[in-house]
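Geometric and topological summary
Read off the chains here:
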Amino acid sequence: MILLTLPVVHAAESFAELSSVTEDDFFTELPVVLHATRLQQSIDETPVSMTVIDRQMIEASSATTIPELLRYVPGFQLSYRSGDEALTSYQGIADEYGRRVQVTIDGHAVYSQAFMGGILWSSLPITLDDIERIEVVRGPNAAAFGANALMGSINIVTLDPHEAAGSMVRLDYGSNGRAQAGVRHAGGNGDINYLVSAGYEENSGLPNRYDDLQAKRFHLRGTWAINTVDRIEFALGYRDAEEGTGITSPHERFVESSYQQLRWRHINAADDEIQLSFHHNRLVVDDLDNTGFFPLDKSFTSDQYDIELQHILRLRDNIRLVWGAGASYEKVDAPWFYDIWFFYPDEENSGTTWRVFSNAEWNITPALLLNAGLMYENTGRIDDFLSSRIGLNYRVNDKHSLRAGLSRSWRAPSFYENYSSFGYLWEPIFVSDPGSLKEGLDSIEIGYLGHFLDQKMALDIKFFYHDFTDRIILFDEFGPEFYSRLNEYEQAGFEMQLSYTGETDSLHLGYSYVKEIERDNSELVEAVALSSPEQTLSLLYSHRFANDWLGSISLFYVDDLRWNFSAASTVPVSWADLKLARKFKTTNGDLDVSLQLLS
């Protein structure tokens, strides 16, 4: 695919310059992250491996969507159910509904029970231009952010209105009928600041499919400094799309998504802060398929309301603690998925999940750091459960550090996993009624983080072992899709990421190796293992030429992978993307022009 991009920035300073100011303010010698333990830590202090995708990496990449950015993270895979419906997976059984990696925008979760407990990426009302950075926790994070973070978590941090003052207009045009237009403006008076963006996009989707798209979106983020210690943060987003979903015949569905977020922060000091937050997500899908002999109404609606109180405090000079409690109420109205099979008599499912959490950081010595976290959750649908994690970080010196972590994580099945299962397959590997038990994971991680060439190069290596208990899988080889449970499943592997940032060159290399551990009934375990590629590789290299030219190349490789059990086994795939961009400075702002060749 060929893509031509024309972002125009009108501001006192260019957007790129403002972005670099934001990064320099936030990142010191080592990146500072918030999403591993809910405490602000440098990346060599976290108990789990992490990847930070910053503005510089976003602008150098060939990605046009958030899921495409995740291809640069070791262990992540990407596919598409349709031209606008991305499928993502991390070291897990890949199916159409990723349910084991929590995704948040500025701290609020965006998964949907109506979408089988997974992420409908196309419903998010933000684009890459709205993002400051993405923090990816590459490992179990349920002890900090709950059940959906069983294997990892992603926090998308949008641009702060105070730091992104100015306006931007963006125009994209490419092959396959791709066109996109967007505007963004940020302003304020110091106490109250806001950022608003809106856009429209359309494309003709994948070849030989009826999966065209027309969508419009709106995003607002604002802050209000009430006084020197109190601050209100608010955000809302809306997206309305008409999507083609037919394979052999035209069929349209309408997707409407929205969210609202409100957070009060009382900040006495850097390690003395109270937060009270509320958010609401809504997803409405109007999907009436009249292309077959009988009309099929697969429409659904979901709402999620969440409230949470969090307190960060310093107990002693060498001990910090964050603790809190929250509740989430979820409601789904989906007749096709629950009523038609008569497994559950009501078309509407709802439930409340209560949670209490705590994460502590203890500097035992200047070189030795202990992280410990707990998350207690009660869904009301299954037994309550306690996720836990403990990690040790040893700083050899300013350039090298080691970490070791042990965690036990639990995940409650989604409404769909609970109530839409058929109960036949081979005993004892597959057991009926998968929703009756929670899904468990015991994990061990040993890692190394090193910095070289005056902090310009960073090398992160980790070895891991995963032991799953009652792993719930999607199995649709014998007709209608249903979930069943794999009693035990083990895997081990290795991940590596290497990054280099110089004055004119940057490099990001990611590699992952995952292997199942042989057990009894290995043929069935091997069938499940086909949903996890043994090896993945990603490479992003960019170079800034004279006269504000930028060129980059992205390379990807993914081993054999099946996204569900009805799909034929695929062969390894590799592809390359190219990008060439030029910045033109004018008296009113900057004009960036880029040309991309996407595989």
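This is a predicted model, so every value here is computed, not measured.

Excluding glycine, residues mostly carry a negative phi; peptide bonds, for their part, are mostly trans. Although it is not a glycine, Leu 453 sits at a positive phi angle of roughly 55 degrees. Positionally, Leu 453 belongs in the loop between strand E27 (439-452) and strand E28 (457-475). Of note, Asp 454 is a non-glycine position whose phi angle comes to about 55 degrees, a positive value.

Right, let's get into the pairing of strand E20 (residues 300-316). Walk down a regular strand and you will see the side chains alternate between the two sheet faces. By the bridge criterion, 13 bridges tie strand E17 (residues 272-286) to E20 in an arrangement that is antiparallel. Looking at the pairing, Phe 278 lines up with Ile 307 of E20. Hairpin connection, E20 to strand E21 (residues 319-333): the antiparallel pair is bridged by two residues.

This brings us to a nonpolar patch on the surface. Judged by side-chain polarity, Leu 262, Trp 264, Leu 276, Phe 278, Tyr 305, Ile 307, Leu 309 and Tyr 329 come together as a nonpolar surface patch covering roughly 690 Å² of accessible area. Position of Leu 309 among the secondary structure elements: in strand E20.

Strand order in the open sheet formed by five strands is E4-E9-E10-E7-E8, and the pairing between neighbours is mixed. Only two strands of the sheet have a single partner each, and these edge strands are strand E4 (50-54) and strand E8 (108-109). Inspection of the sheet shows strand E9 (residues 131-137) paired to strand E10 (residues 152-158) by six bridges, in the antiparallel sense. When the bridges of E10 are listed, Glu 135 appears paired with Asn 155.

Across all of its chains, the model carries 36 salt bridges by this definition. The network of salt bridges with shared partners includes Arg 138, Arg 403, Glu 445, Asp 460, Lys 462 and Glu 495.

Once that is clear, we can look at the pairing of E21. Pairing of E20 with E21, which is carried by 15 bridges, proceeds in the antiparallel orientation. In the strand pairing of E21, Asp 303 is matched with Lys 331.

What counts and how
Residues numbered from 1 in each chain as written. Predicted model: local features only at pLDDT ≥ 70, side-chain atom pairs only at ≥ 80, totals over all residues. Heavy atoms only, no water. Helix = DSSP H or I, 4+ residues; strand = E, 2+ residues; numbered from the N terminus. Pairing = 2+ DSSP bridges. Patch = residues over 30% accessible without salt bridge, like charges linked within 9 Å, V, L, I, M, F, W, Y side chains within 5 Å. Areas by Shrake-Rupley, 256 points an atom, 1.4 Å probe, with all protein chains shown as cover. Salt bridge = Lys/Arg side-chain N within 4 Å of Asp/Glu carboxyl O.

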